[in-house]
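Working through the structure, step by step
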Amino acid sequence: LCTLSLFPPEHFNGNCIQCNTPYCKNAKLFSAVNQMTSFKCNIERTQLESDVKTAVFRIIQESLTNVLKHANAQKVKISFMRSHNYYMVDVIDNGVGFSLDHMSIGNRFGILGMRERAQNIGAEFMISSNPGKGTRVALKVKILESVSKA
């Protein structure tokens, strides 16, 4: 899935490829992410609806933005895997982590936005983090019956 390539949603073609296009290489915000990110994907093609692809992309994008702004991470792992009737997305960093209970209101908007996007597409959204132990953002997207048989 091209979300792993950090393409904007209008550039999705359903392939599991890494970022090596001029668009991505010139994207200043994600140039640092490309140097510290590893990708894992067991999906060759997806048949997600456009709004679902966009939501997944935006959640990954927000996760990586948070890594760059707050995590002070050296490594980020992004996985997009199929497991039975679900697509599983994980963004895991080895950064400074944080306490979900002690976040200031101003720092919650990105997480709230990710949670809302997930709810809008019927996906499960989870975030876990602890000070000194990094952060994991996970998304579980149900594959529609008509898509899973295709």
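Our structure's up above, just so we're on the same page.
Residues numbered from 1 in each chain as written. Predicted model: local features only at pLDDT ≥ 70, side-chain atom pairs only at ≥ 80, totals over all residues. Heavy atoms only, no water.

On inspection of all chains with the given rule, the structure shows one aromatic pair. With centroids separated by 5.4 Å and ring planes inclined at 25°, the aromatic side chains of F80 and Y87 adopt a geometry described as stacked. Classification of F80 by relative accessible area gives buried; the value is 1%. Assessed through its relative accessible area of 3%, Y87 is described here as buried. Its end group placed over the ring of Y86, K140 keeps NZ or CZ at 4.3 Å from the ring centre. A cation over a ring is seen here: K142 above Y86, with NZ or CZ 5.2 Å from the ring centre. (Phe/Tyr/Trp six-rings, centres within 6.5 Å; stacked < 30°, edge-to-face > 60°. Buried < 20%, exposed > 50% of the residue type's maximum accessible area, 1.4 Å probe, protein only. Lys NZ or Arg CZ within 6 Å of the ring centre and 35° of its normal.)

The next thing to look at is the nonpolar core. V56, F125, L139 and V141 are the most contacted members of the largest nonpolar core, which has 30 residues in total. Elements with a contribution of two residues or more to this core: α3 (50-71), β2 (76-83), β3 (86-93), α4 (109-120), β4 (124-129) and β5 (135-142). If you tally residues by element for this core, the top one is α3, at eight residues. Not counting the four nearest positions on each side in its chain, V141 is found in contact with L48, V52, V56, N85, Y86, Y87, I121 and A123. (Core = buried A, V, L, I, M, F, W, Y, C linked by side-chain atoms within 4.5 Å. Helix = DSSP H or I, 4+ residues; strand = E, 2+ residues; numbered from the N terminus. Contact = heavy atoms within 4.5 Å.)

Once that is clear, we can look at the environment of N85. In this structure, N85 sits in the loop between β2 and β3. As a C-alpha pair, N85 and K142 span 57 residues in sequence and 6.0 Å in three-dimensional space.

Mapped onto the fold, V91 is located in strand β3. Between the C-alpha atoms of V91 and I60, which are 31 residues apart in sequence, the distance is 7.1 Å. Contact partners of V91, with chain neighbours within four places excluded, come to I60, S63, L64, V76, K77, I78, T135, R136 and V137.

Let us now look at the sheet that holds β2. For sheets, the rule is that strands pair by backbone hydrogen bonds, running either parallel or antiparallel. Strand order in this open sheet of five strands is β1-β2-β3-β5-β4, and the pairing throughout is mixed. With partners counted over all chains shown, the strands left at the sheet margins are β1 (37-41) and β4, one partner each. On average, each strand axis in the sheet is inclined to that of its neighbour by 10°, with strand direction left out of account. As paired strands, β3 and β5 are joined by eight bridges and run antiparallel to one another. If you follow D90 over to β5, its bridge partner there is A138. (Pairing = 2+ DSSP bridges. Axes fitted to C-alpha atoms, helices over the stretch in contact; angles between N-to-C directions.)

With that settled, consider unusual backbone geometry. Glycine aside, residues mostly have negative phi, and peptide bonds are mostly found in the trans state. For N72, which is not glycine, the phi torsion reads 55° and is therefore positive. With respect to the helices, strands and loops of the structure, N72 is situated in the loop between α3 and β2. Given the relative accessible area of 59%, N72 is considered exposed. Look at H84: it is not a glycine, yet its phi comes out positive at around 55°. Tracing the backbone through its elements, the reader meets H84 in the loop between β2 and β3. Taking the relative accessible area as the measure of exposure, H84 reaches 71% and is therefore exposed.

A separate point is α4. Here α4 contains twelve residues, and its C-alpha end-to-end distance of 16 Å stays within 8% of the 16 Å for a straight helix at 1.5 Å per residue. Along α4, the positions that sit buried rather than exposed are G110, I111, M114 and A118. The arc enclosing the buried residues of α4, seen along the axis, measures out at 100°, which places them on a common side. Seen from the open side of α4, the exposed residues pointing more than 90 degrees away from its buried face are F109, E116, Q119 and N120. On the buried face of α4, the contacting elements are α3, β4 and β5. With its phi angle positive at about 75°, G122 sits one or two positions after the end of α4. (Expected span 1.5 Å × (residues − 1). Arc of directions from axis to C-beta.)

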